[in-house]
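Chain by chain, the residues:
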Amino acid sequence: MTKDKINSIQILRGLAVLSVVLFHFRVYLVPDNADRSIPDKLFGWGAIGVDLFFVISGFIMVYVTCNKPAGLKTSLQFIVNRLTRILPTYYIILLFAFLTSGAMSIFHYPDKLANLISAFTFQPYLSQPAPLYIEDSGMYNIRWTLNYELYFYLAFAVCLLIKPRLLALTIWFIAPVLIAFSLTSTFTLSTEGYNFNSVISRFLTNPILLEFGLGVLAGHTYFYLKNREINFSRYLPFLCLTIIAIAIALGYLKPYSVFSAVAFFFLVLFYALQNRCILKYTPQFLVTLGNMSFSLYLVHNPLAGFITGKVEKMHPGAMHTLPGYFSLLIASLVLAALSHKYLEIKLTDKIRSLTRKRVSPGQPV
């Protein structure tokens, strides 16, 4: 395990992305336009992987910046590493999605053009549906989560400039709640958000951002327990799993829900603290899946749409079968593995190398 990675958390990432892929691909388990009640029962829960991703993201940001001094150098290092990690892969796969979904014809339709501009700039542009703020059926629709991710990167980088980091982050998360309450005289934890006229105002005050905050809290709780060598092995796993079981039993684990994120706070904390034990009993495949989770998350929908469109022109309905379902799943895993190796790792390393030379020759960024 490297210094900036807990492999048990990678397992959670793998489970999160797998749940999202199964959620999206459930439509291929039955013929097109057929009743989807059975696929919905099997995998309709899968969108909760997004909430888990957000909590993990907050945790990891705390983990990788622990013990780093406050200041401009740490802030720039963080934001450069994050952006070079996701933007090249994102834009290359966005190009693939663009070329395989109509390409130049998009420019003849104002709504499709607005969708493309939104995808390119990470700008939410529709008031509904919240918290997506983009068309659910639009091109590259999974990108909505990256709007929040990039915003939180910026927020976290700003807070890295300030010495009482936890205080700065706490204020950052509480301020939108207070502002929204002062303007609307209401308080909500629903990710339907507040009814502002501006979509940006809705986005910046949406309670789903608190899921990153729960991840930050999980990170600080993890270090608190580890640094004090508290014997958590007897009671904390039981407590965490009990809370998760209660959340499932009461039906609190729903997609895009702060209540789901609360349960995932305990799940992330449990996995982080029980890293060695979990790795001992978990297949290495899930760690690998977690490592390439970002590429799989980006590529599975546009690839499935492309393959289905090509195959079903010659063999109508062929992909909306069990063999079609598994072929799309395998194809997505293969392309994600290639993307992870050549885009996320090799291309990112090359870009970071160029960045280091331009920023400060001979000094790491």
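Reference entry: report on the structure contained in this document. (Residues numbered from 1 in each chain as written. Predicted model: local features only at pLDDT ≥ 70, side-chain atom pairs only at ≥ 80, totals over all residues. Heavy atoms only, no water.)

What follows covers the nonpolar core. If you look at the biggest cluster of nonpolar residues, it comprises 97 residues, and the most contacted ones within it are Ile9, Phe59, Tyr148, Phe156, Tyr222 and Leu298. With 13 residues, the top contributor of residues to this core is helix H3 (residues 48-65). Beyond its immediate stretch of four places on either side in the chain, Phe156 contacts Met61, Val62, Thr65, Phe78, Leu169 and Val216. (Core = buried A, V, L, I, M, F, W, Y, C linked by side-chain atoms within 4.5 Å. Buried < 20%, exposed > 50% of the residue type's maximum accessible area, 1.4 Å probe, protein only. Helix = DSSP H or I, 4+ residues; strand = E, 2+ residues; numbered from the N terminus. Contact = heavy atoms within 4.5 Å.)

You can see Gly44 is positioned in the loop between helix H2 (37-43) and H3. Excluding anything up to four places from it in sequence, Gly44 contacts Phe23, Arg26 and Pro39.

Now for empty space enclosed by the protein. Under the counting rule described, the total for this entry stands at one cavity of 30 Å³ or more. In this structure, the largest cavity encloses a volume near 100 Å³. Taken together, 13 residues make up the lining of the largest cavity; nearest its centre are Phe173, Pro176, Asn206, Leu209 and Leu210. At the level of secondary structure, the elements contributing two or more residues to the lining of the largest cavity comprise helix H7 (165-184) and helix H8 (199-205). (1 Å grid on protein atoms, 1.4 Å probe; cavity = no way out; pocket = protein on both sides within 12 Å on 5 of 7 lines; lining within 4 Å. Points joined across faces, edges and corners; volume = space filled by probe spheres on them.)

Moving on, we come to the packing of aromatic side chains. For the coordinates displayed, the defined rule picks out 29 aromatic pairs. Where Tyr91 meets Phe122, the ring centres are 6.0 Å apart and the plane angle is 70 degrees; that geometry is what we call edge-to-face. Here the residue Tyr91 occupies a position in helix H4 (residues 72-99), and Phe122 occupies one in the loop between helix H5 (110-121) and helix H6 (144-159), the gap between them amounting to 31 residues. The ring of Phe23 carries Arg26 above its face, with NZ or CZ at 4.2 Å from the centroid. (Phe/Tyr/Trp six-rings, centres within 6.5 Å; stacked < 30°, edge-to-face > 60°. Lys NZ or Arg CZ within 6 Å of the ring centre and 35° of its normal.)

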